[in-house]
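Okay, here's what each chain looks like letter by letter:
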Amino acid sequence: MNDRIRTDVAHNARVWNYWLGGKDNYPVDRAVGDQVTGFYPSIGEVARADRAFLGRAVTFLAADAGVRQFLDIGTGLPTADNTHEVAQRAAPDSRIVYVDNDPIVLTHARALLTSAPEGVTDYVDADAHEPEKILAAAGATLDLSRPVAVMMLGILNFVLDTAKARSIVRTLMDAVPSGSHLVLTHPTLEPELGGEGNKAAMAFWNENATPPITARSRTEFVSFFDGLDILEPGVLSCSRWRATAEGTPVVAQFGAVGRKP
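How each quantity is defined
- Residues numbered from 1 in each chain as written.
- Predicted model: local features only at pLDDT ≥ 70, side-chain atom pairs only at ≥ 80, totals over all residues.
- Heavy atoms only, no water.
- Helix = DSSP H or I, 4+ residues; strand = E, 2+ residues; numbered from the N terminus.
- Rg over C-alpha atoms; globule rule 2.2 N^0.38 Å.
- Contact = heavy atoms within 4.5 Å.
- Lys, Arg positive; Asp, Glu negative; His and termini not counted.
- Charge placed at Lys NZ, Arg CZ, Asp CG, Glu CD.
- Core = buried A, V, L, I, M, F, W, Y, C linked by side-chain atoms within 4.5 Å.
- Buried < 20%, exposed > 50% of the residue type's maximum accessible area, 1.4 Å probe, protein only.
- Pairing = 2+ DSSP bridges.
- Polar contact = N/O pair within 3.5 Å; in protein donor to acceptor, adjacent residues only side chain to side chain.
- Arc of directions from axis to C-beta.
- Phe/Tyr/Trp six-rings, centres within 6.5 Å; stacked < 30°, edge-to-face > 60°.

(A) Inspection of the overall build of the protein chain at higher detail. Along the backbone of the protein chain there are 10 helices and 10 strands. Taken against the 2.2 N^0.38 rule, which gives 18 Å for 261 residues, the C-alpha radius of gyration of the protein chain at 17 Å falls within 12% of a compact globule. Look at the contacts in the protein chain between residues 6 or more apart in sequence, and 72% of them connect residues 24 or more apart. Separation of charge centres in the protein chain, based on 24 positive and 32 negative side chains, amounts to 1 Å.

(B) Representation of the nonpolar core. Phe 70, Leu 71, Ile 73 and Met 152 are the most contacted members of the largest nonpolar core, which totals 80 residues. In terms of residue count, the dominant contributor to this core is helix 3 (residues 43-64) (11 residues).

(C) Examining the pairing of strand 2 (residues 69-73) more closely. Judged by how many residues are buried, strand 2 sits mostly within the fold: five of five residues are covered. Burial of strand 2 is two-sided: the residues Gln 69, Leu 71 and Ile 73 facing one way and the residues Phe 70 and Asp 72 facing the other way are all buried. As paired elements, strand 2 and strand 3 (residues 95-100) share five bridges and run parallel to each other. Along strand 3, the bridge assignment pairs Asp 72 with Tyr 98.

(D) Examining the side chain of Ser 223 more closely. Residue placement: Ser 223 occurs in helix 10 (residues 218-223). What makes Ser 223 buried here is its relative accessible area of 13%. Engagement of the side chain of Ser 223 in a polar contact is seen with the side chain of Arg 166, the distance being 3.2 Å.

(E) Up close: the environment of Thr 214. In this structure, Thr 214 sits in the loop between strand 7 (209-210) and helix 10. The partly exposed category is assigned to Thr 214, whose relative accessible area is 22%. Through-space distance from the C-alpha of Thr 214 to that of Asp 8 is 23 Å; in sequence the pair is 206 residues apart. With residues near it in sequence (within four places) discarded, Thr 214 still touches Asn 157, Val 159, Leu 160, His 186, Pro 187 and Met 202.

(F) Structural context of helix 9 (residues 198-208). Taken as a whole, helix 9 has its buried residues at Asn 198, Ala 201, Met 202, Phe 204 and Trp 205. Viewed end-on, helix 9 has its buried residues packed into an arc of 160°, placing them on one side of the element. In helix 9, the exposed residues that point more than 90 degrees away from the buried face are Lys 199 and Glu 207. Along its buried surface, helix 9 packs onto strand 1 (10-11), helix 1 (12-19), helix 2 (27-39), strand 6 (181-187) and strand 7.

(G) Fine view of the packing of aromatic side chains. Inspection of the entire model under this criterion finds six aromatic pairs. For the ring pair Phe 39 and Phe 204, a centre distance of 5.3 Å and an interplane angle of 40° mean the geometry is tilted. Taken as a pair, Phe 39 in helix 2 and Phe 204 in helix 9 lie far apart in primary sequence, 165 residues in all. Here Phe 39 falls in the partly exposed class, since its relative accessible area comes to 41%.

Below you can see the structure in the form of structure tokens.
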């Protein structure tokens, strides 16, 4: 077994997989996942809402905005409707680069590398803290002189310093041209989204699992879009972003899409 894979410590990618109903997890992941759910019963809804947001955002970008290149950073373990599947359903010639550095995710990379014949899917082993490395590797598959959708769903919450997180986003978006997009989700403690329950859950997580996590306010979340045009319907619970179902429950996870002018 890969010596980077720890089966005695819960890890985010595997716990998230457990909350989504997947099987790529260990007993420690399920135990911690259940305990976090005890603190914050709607965490499973958050995971499912985040995944559904991905589907709506990628469909919009590929079908309506004409985006044909996607850089998905912190992709996590493959489940149904991964980015390349959603994008290539709308536009078969879409090119997708997945980025993650989790060894469990790496072992499942082949499941992601199943592009439609007209398109391309590739995988980069890199950390979100290394945007220059990500861009250099992604440039082998993506044409960075043409618009790219940079996707960071539930990943900036693992960059604990907000100034550093903003710097990462700025580095990535500075490297792509006008017409590129930024797609973000991020947990929050803000009461308007029912985030109070996140506080105890995150404290428990940081004591018992890896990597450590932080929540951010609406103001901090919006700051990631500095210099970009935030598209309608703006910044709101990711479950409500362009949702078609009436009465969709709010989850404590911001979601938004910005466009580089």
